[in-house]
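Observations on the three-dimensional arrangement
Chain by chain, the residues:
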Amino acid sequence: MEVTLHFALTLEDGAVVDSNFESKPATFVVGDGKLLPGFEQAIFGLIAGDKKAMQIPPEQGFGQPNPNNIQEVKRKVFAADMELAQGLVVSFADANGGEMPGVIAEIGEEIVKVDFNHPLAGREITFEVEIISVKPATTH
């Protein structure tokens with residue numbers, strides 16, 4: 001099925017992480033990988049016009065933080081004039097040549113610890129949706 005919807009992702013403290021309520025609705029095909037499985041499951045059975053807010057636990061959303069995703073990177077890998085700060089998001093090249101963001105977790109003289117976990121890992125998310133339309137997916 002092809003689903004068109006408005007959505008908002010909100011943290012426990014009410015901070016809005018992402019929302020398209022003020023812009024064009026998003027369209028996806030169920031199972032196409034654009035929406036995490038936990039979010040797809042949360043809207044299962046909803047029809048056009050339905051509005052709903054659901055709590056998505058970390059295990060069904062962005063997962064739990066994995067300690068193995070915190071890597072030690074030699075300080076000299078970073079440009080000498082780069083101002084490193086805890087919480088700074090830095091882009092790294094992955095093994096396939098793509099980009100992978102990491103968050104600076106700790107800065108030492110020789111080693112910088114970089115957290116490659118998703119920034120929302122371990123967080124419960126409120127997933128608010130308004131279903132605009134649901135129709136059979138077309139194949140091209």
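Refer to the structure above for everything that follows.
Residues numbered from 1 in each chain as written. Predicted model: local features only at pLDDT ≥ 70, side-chain atom pairs only at ≥ 80, totals over all residues. Heavy atoms only, no water.

**Description of the overall build of the protein chain**
Applicable threshold: Think of it this way: any DSSP run of H or I at least four residues long counts as a helix, any run of E at least two long counts as a strand, and we number them from the N terminus. Each radius of gyration reported is based on C-alpha atoms, and the globular scaling rule is 2.2 Å times the count of residues to the power 0.38.
From N to C terminus, the protein chain includes one helix and nine strands. Ordered by position from the N terminus, the helices and strands of the protein chain form the series β-β-β-α-β-β-β-β-β-β. Computed over C-alpha atoms, the radius of gyration of the protein chain comes to 19 Å, more than 25% over the 14 Å expected from 2.2 N^0.38 for 140 residues, which places it beyond the range of a compact globule. Taken over the C-alpha atoms alone, the protein chain extends approximately 55 × 40 × 30 Å along its principal axes.

**So, the sheet that holds strand β6 (residues 89–93)**
The condition that has to hold: Two strands qualify as a pair provided DSSP detects at least 2 bridges between them. Each axis is a line fitted through C-alpha atoms, taken for helices only over the stretch in contact, and angles between the N-to-C directions span 0 to 180 degrees.
On the basis of which strands lie adjacent, the open sheet formed by four strands has the order β5-β8-β7-β6 and antiparallel pairing. The outermost strands of the open sheet, each flanked by one partner alone, are β5 (70–74) and β6. Each neighbouring strand pair of the sheet contributes to a mean axis angle of 45 degrees, computed without reference to strand direction. Of the pairings in the sheet, the one linking strand β7 (residues 99–107) to strand β8 (residues 111–115) comprises four bridges and is antiparallel in character. Directly across from isoleucine 107, in β8, lies its bridge partner valine 112.

**Some details on the environment of threonine 138**
Put simply, the rule is: Each residue is placed in one exposure class: buried if its accessible area under a 1.4 Å probe, protein chains only, is under 20% of its type's maximum, exposed if it is over 50%, and partly exposed if it falls in between.
Along the chain, threonine 138 falls in the segment after β9 (125–135). Judged by relative accessible area, threonine 138 falls into the exposed class, the value being 53%.

**Some words on the pattern of salt bridges**
Put simply, the rule is: Salt bridge, as used here: a side-chain nitrogen of Lys or Arg that lies within 4 Å of a carboxyl oxygen of Asp or Glu.
Scanning all chains against the criterion turns up two salt bridges. For arginine 123, the salt bridge identified is with glutamate 12, shortest N-O distance 3.2 Å. Here glutamate 12 lies in the loop between β1 (2–10) and β2 (16–19) and arginine 123 lies in the loop between β8 and β9, a separation of 111 residues in the sequence.

**Overview of the packing of aromatic side chains**
For the record, the criterion: Aromatic pairs are defined between Phe, Tyr and Trp rings, using the six-membered ring for Trp, whenever the two ring centres lie within 6.5 Å; interplanar angles under 30 degrees are classed as stacked, those over 60 as edge-to-face, and all others as tilted.
In total, this model carries four aromatic pairs according to the counting rule given. Plain terms: the ring middles of phenylalanine 39 and phenylalanine 127 are 4.7 Å apart, the flat faces sit at 90 degrees to each other, and that makes the pair edge-to-face. Here phenylalanine 39 is found in helix α1 (residues 37–43), whereas its partner phenylalanine 127 is found in strand β9, with 88 residues between them in sequence. Here the two residues phenylalanine 39 and phenylalanine 127 agree in accessibility, since each one is buried. Ring geometry for phenylalanine 78 against phenylalanine 92: centres 5.9 Å apart, planes inclined by 80 degrees, an arrangement best described as edge-to-face.

**Here we look at the pairing of β1**
It is a general feature of regular strands that their side chains alternate between the two faces of the sheet. Across the nine residues of β1, nine count as buried, placing the element largely inside the fold. Burial of β1 is two-sided: the residues Glu2, Thr4, His6, Ala8 and Thr10 facing one way and the residues Val3, Leu5, Phe7 and Leu9 facing the other way are all buried. Here β1 pairs with strand β3 (residues 26–29) via four bridges, running antiparallel. Each residue of the ladder has a partner; that of glutamate 2, found in β3, is valine 29. In this sheet, β9 lies alongside β1 in antiparallel orientation, the contact comprising nine bridges. The partner of leucine 9 across the bridge, within β9, is phenylalanine 127. Here β1 folds back onto β2, and the loop between the two strands holds five residues, one of which, glycine 14, carries a positive phi near 90 degrees.

**Points about a nonpolar patch on the surface**
The criterion, for reference: Exposure above 30% relative accessible area and the absence of a salt bridge qualify a residue for a patch, where like charges join within 9 Å and nonpolar side chains (Val, Leu, Ile, Met, Phe, Trp, Tyr) within 5 Å. For the area figures, the Shrake-Rupley method with a 1.4 Å probe applies, and any residue is considered shielded solely by the protein chains shown.
Residues Met1, Val30 and Val134 make up a contiguous nonpolar surface patch of roughly 240 Å² in combined accessible area. Secondary-structure assignment places valine 30 in the loop between β3 and α1.

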